[in-house]
Each structure stands twice: as C-alpha cells, then as structure tokens.
Protein chains: 2
Amino acid sequence: MKTQRPCSIAATLGVIGEKYSVLVLREIFFGVRRFDAIARNVGAPRDVLAARLRRLVEAGVLERVPYNERPQRFEYRPTQAGQDLRPVLLTLMAWGDRYLTQVPPVTFAHDCGARVEPVVVCGACRREVLPGSLTPHFTDPEWAA
Amino acid sequence: MKTQRPCSIAATLGVIGEKYSVLVLREIFFGVRRFDAIARNVGAPRDVLAARLRRLVEAGVLERVPYNERPQRFEYRPTQAGQDLRPVLLTLMAWGDRYLTQVPPVTFAHDCGARVEPVVVCGACRREVLPGSLTPHFTDPEWAA
DNA sequence: GCGAGTAGGTCCAGTTTTCAAACTCGCTGG
DNA sequence: CCAGCGAGTTTGAAAACTGGACCTACTCGC
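Remember, predicted model here, so these are calculated numbers, not experimental data.

Trainee: Would you mind going over the relation of the copies chain B and chain A with me for this structure?
Mentor: Applying a rotation about an axis and a shift along it to one chain copy brings it onto the other copy. Take chain B, turn it by 180°, move it 0.0 Å along the axis, and it overlays chain A with an RMSD of 0.1 Å. The transformation relating the two chain copies, once decomposed into turn and shift, fits a two-fold axis. Relative to the rotation axis, the closest C-alpha in chain B is found at B:Val120, a distance of 2.3 Å. Taken together, the interface assignments show that 100% of the residues at the interface of chain B recur at the interface of chain A, consistent with an identical surface on both copies.

Trainee: Sorry, what's going on with the packing of aromatic side chains here?
Mentor: Note on aromatic pairs: each is described by the distance of the centres and the angle between the planes. Taken as a whole and assessed by the stated rule, the structure comprises six aromatic pairs over all chains. Between the aromatic rings of A:Phe138 and B:Phe30, the centroid separation amounts to 5.1 Å while the plane-to-plane angle is 70°, which identifies the pairing as edge-to-face. Here A:Phe138, found in strand 5 (residues 134-138), pairs with B:Phe30, found in helix 2 (residues 21-30), and the two come from separate chains. B:Phe30 sits in the buried class, given a relative accessible area of 13%. Put simply, the rings of A:Phe30, A:Phe108 and B:Phe138 touch in pairs and so form one group of aromatic residues. Between the NZ or CZ atom of A:Arg34 and the centre of the ring of A:Tyr67, over which it lies, the distance is 3.7 Å. Here the basic side chain of A:Arg64 rests over the ring of A:Phe74, its NZ or CZ set 3.7 Å away from the ring centre.

Trainee: Explain the protein's contact with DNA strand D to me, please; I cannot follow it from the model alone.
Mentor: Neighbouring DNA strand D are 23 residues, the closest being A:Arg46, A:Arg64, A:Tyr67, A:Arg73 and B:Arg52. Each atom of DNA strand D within 4 Å of the protein belongs either to a base or to sugar and phosphate, the latter forming 59%. Residue A:Arg54 places a side-chain N or O atom 3.2 Å away from a phosphate oxygen belonging to DNA strand D. The side chain of B:Tyr20 places a nitrogen or oxygen atom 3.1 Å from a phosphate oxygen of DNA strand D. Per-element tally for the surface near DNA strand D: the top contributor is helix 4 (residues 46-58) of chain A, with four residues.

Trainee: When you look at the protein's contact with DNA strand C in this model, what are you seeing that I'm missing?
Mentor: Around DNA strand C, a shell composed of 23 residues is seen, among which A:Arg52, B:Arg46, B:Arg64, B:Tyr67 and B:Arg73 lie nearest. Taken together, the sugar and phosphate atoms account for 60% of what DNA strand C places within 4 Å of the protein. Note that a phosphate oxygen of DNA strand C is positioned 3.1 Å from one of the side-chain N or O atoms of A:Tyr20. In the environment of DNA strand C, a phosphate oxygen lies 2.8 Å from a nitrogen or oxygen atom belonging to the side chain of B:Tyr67. Looking at the surface near DNA strand C, the elements that each hand over two or more residues are helix 4 of chain A together with helix 3 (35-42), helix 4 (46-58), strand 1 (62-68) and strand 2 (73-78) of chain B. Ranked by residues supplied to the surface near DNA strand C, first place goes to helix 4 of chain B with four residues.

Trainee: What is the right way to look at empty space enclosed by the protein in this model?
Mentor: Empty space among the atoms becomes apparent when a probe as large as a water molecule is rolled across them. Applying the stated criterion across every chain, the model contains three cavities of 30 Å³ or more. In this structure, the largest cavity occupies an estimated 130 Å³ of space. Lining the largest cavity are 13 residues; nearest its centre among them are A:Ile9, B:Phe30, B:Leu89, B:Met93 and B:Phe108. For the lining of the largest cavity, the secondary structure elements donating two or more residues are helix 1 (8-16) of chain A together with helix 2, helix 6 (86-99) and strand 3 (106-110) of chain B. Ranked by residues supplied to the lining of the largest cavity, first place goes to helix 6 of chain B with four residues. Grouping the constituent residues of the lining of the largest cavity by class yields 10 nonpolar, one polar and two charged.

Trainee: What's the story with the layout of surface pockets in this structure? I'm lost.
Mentor: Of the pockets and cavities examined, the largest pocket occupies roughly 690 Å³. As for the largest pocket, its lining consists of 29 residues, and the residues nearest its centre are A:Gly17, A:Glu18, A:Lys19, B:Gly17 and B:Glu18. The set of elements that each furnish at least two residues to the lining of the largest pocket consists of helix 1, helix 2 (21-30) and helix 6 (86-99) of chain A together with helix 1 (8-16), helix 2 and helix 6 of chain B. A class-by-class count of the residues in the lining of the largest pocket yields 18 nonpolar, seven polar and four charged.

Trainee: What is the right way to read the interface of chain B and chain A from this model?
Mentor: The extent of an interface is frequently quoted as the accessible surface area lost upon association of the parts. Opposite the 87 residues of chain B that make contact, chain A presents 87 residues. Linking chain B to chain A there are four salt bridges. One salt bridge in this structure joins A:Arg5 and B:Glu27, with 2.6 Å as the shortest N-O distance. At the surface where chain B touches chain A, the tally comes to 29 residue pairs in polar contact (both at pLDDT 80 or more). Secondary structure elements with two or more residues in the side of chain B that touches chain A: helix 1, helix 2, helix 3, helix 5 (80-83), helix 6, strand 3, strand 4 (118-122) and strand 5 (134-138) of chain B. The element contributing the most residues to the side of chain B that touches chain A is helix 6 of chain B, with 13 residues. In terms of residue class, the side of chain B that touches chain A is built from 52 nonpolar, 19 polar and 16 charged. The sheet contact formed by strand 5 of chain A and strand 3 of chain B spans five bridges and is antiparallel.

Cut-off values and rules
- Residues numbered from 1 in each chain as written.
- Chains lettered and ligands numbered in written order.
- Predicted model: local features only at pLDDT ≥ 70, side-chain atom pairs only at ≥ 80, totals over all residues.
- Heavy atoms only, no water.
- Least-squares fit on C-alpha atoms with pLDDT ≥ 70 in both.
- Contact = heavy atoms within 4.5 Å.
- Phe/Tyr/Trp six-rings, centres within 6.5 Å; stacked < 30°, edge-to-face > 60°.
- Helix = DSSP H or I, 4+ residues; strand = E, 2+ residues; numbered from the N terminus.
- Buried < 20%, exposed > 50% of the residue type's maximum accessible area, 1.4 Å probe, protein only.
- Lys NZ or Arg CZ within 6 Å of the ring centre and 35° of its normal.
- Near = heavy atom within 4 Å.
- Polar contact = N/O pair within 3.5 Å; in protein donor to acceptor, adjacent residues only side chain to side chain.
- 1 Å grid on protein atoms, 1.4 Å probe; cavity = no way out; pocket = protein on both sides within 12 Å on 5 of 7 lines; lining within 4 Å.
- Points joined across faces, edges and corners; volume = space filled by probe spheres on them.
- Nonpolar A, V, L, I, M, F, W, Y, C, P; charged D, E, K, R; others polar.
- Salt bridge = Lys/Arg side-chain N within 4 Å of Asp/Glu carboxyl O.
- Pairing = 2+ DSSP bridges.

Structural measurements only, silent on function.
Encoded structure:
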C-alpha cells in the first residue's frame, strides 16, 4: 500500500475494516456464536466468513472455543478487546437510525429503562464532545494537517 | 447480495463501509478538503478516491463546493450528517489507541483541557453503557437473536 | 510564447477479493 | 444404510482495487 498518515483509526480498520467484519461482531454481541448462524445473519459467503473469523481471532478480538468434541465444533466469543468494540457499533447504529431509517430495526433498552441513544462524552469532564470542541495534536509533525 | 438481518449498522456501512471512506472522513475532520491532499494522506488510488467522494456526496455526508472558477476547483466539506459521524471515528480511534499502538499518533484536546478519551453514555441517564447493561429489542421478530 | 507546475480528475491493464454454489469430513439419529 | 448437520474448503467467474500514465485548464517565471 501507498504511504498514509499514521493513525489509530486506520489501525483499527486494519482489524475490523474489511467487508462483513463489523457485522460479524454485531452477531457476536447479539449472542450468536456459531459459524452457520453468523453466516446466515450477515449474509456473507462462507469462505469470506471463515477468513474474517480467522482474522478476528488472530487479532485477539474473538476467541475460538470448542463446544463439542467428536466431531470438533467451535464457537466464537468476544474477548475483552472485542467487548471494547461495542461503542463503535453503537455509534454506527445511532447514525444509521438517525439518517437512514424510519423505524430502527433493532433498539437497545438500557438498565436505566430508557431506549439507548448513545452519546460520546469526554472522559474527563463528562460533557458531550461537540464538533468545535476538539484540537488535534500530532505526534509526528510531518503529518500535521 | 444475500439476505441479511435488517440493521442500522449495516445501513451505515453501506455509506462509509467501503475501503478508504472512513479515512476520507478523518481527513475532512482534520480540515483537509482538497482532492490531492486527501489522496496523499489516505494513500488511496485517485480513481477510488473519486468514487468514494462521489458516494459520500450522494449520501449527503459531504458537500462538493467550488472554491475557484476557471479552472473549476472543488473542495469537500462535511454536512451536518457528516459531522454526526465524528463519534464513530472517535470510538475507532480510542480502540486503536488502547489495543494497537504504544504512542497514539494523534490525540485531541477537549475544551475542558483534558486529552479526550471518548466514553459512550446512555443519553437518558448519562451513565456509561457497559457490556451487560443492554437488552436488544427486534422490530422484526423473524430476525430476533 | 514556452516549458514547468498545480489541481482534479479519468483511463488502463494487471492483480487481488469476492461471490454463490458445490463439495468434504466426521460424526449422529432413525 | 442413508439422510442430515456443522464447519468449514474448493472452484471458476465477476467485481473491486492497484499504481501509474494521461488529460484539461489554468498560472507562473523567463
């Protein structure tokens, strides 16, 4: 690949950026853990799904654990790193709900009773991160914007 | 494409899920607005970049506005819908910073003075959305997990 | 006026991915 | 014995991506 700006967004996309990877994670978060069920729900070709699962396991996002000996059968579970991708899926879902659908196909109820509308806040001050409120700082000045 | 679960995540990926689309948005958020500069920074082939920009404009995420007549020159600006994708990029970046890099290549200072560590909270109760705290509800029972 | 440079693309041929369907392997249940 | 399931692998054709060359329309320095 050509040279590109060093960036954690690009790095993350190197793990979950290929087609279907995020949808696989969605199924995992819904509790779907078996190859055939994931294939059905995401609509991916089986060879592509096999490749994505391998990649996600290799990257430490999923774990491949046997649930049956003879014949050997495996299921896929999220690791802690996998769990920590949940915010990414929630923000993707929130945007789609707002701009692409009339009726959200899936909603989440939060513990507090409300339907979850995820909001991204600054971990320090707990206020919402608004467009103008951020100043980037580049570690490598060669790539400063 | 095969049938797949109806889902706002998939819908959103239909807009920004192709290779380079998210990196284009990253550049836009850094304030980079011109074709050549975006091409350099994301490392995409120029024809692919042209296709991505067309798609993002068509989807209402970016606007193509002239900044020069004779010769006609255009720049790309985020719409409100585009701005609202910022949380997606922030959560992607946060995950990469945590799991894939030692030194974050880019950090953001928030208005409050702190380095931003984005946290996703429930819009209603303002508490962090934790793994076990969500219950999915499916509009179409055929696709319930 | 002439060549070089800039900006925003398009076009091309070669490589890589993706696709849908068919097939394999090891079992289980009737 | 035969059918079926689960988890993949194989196959051959279609689609997407790749890096680079090229095109158009200017502007600048000489």
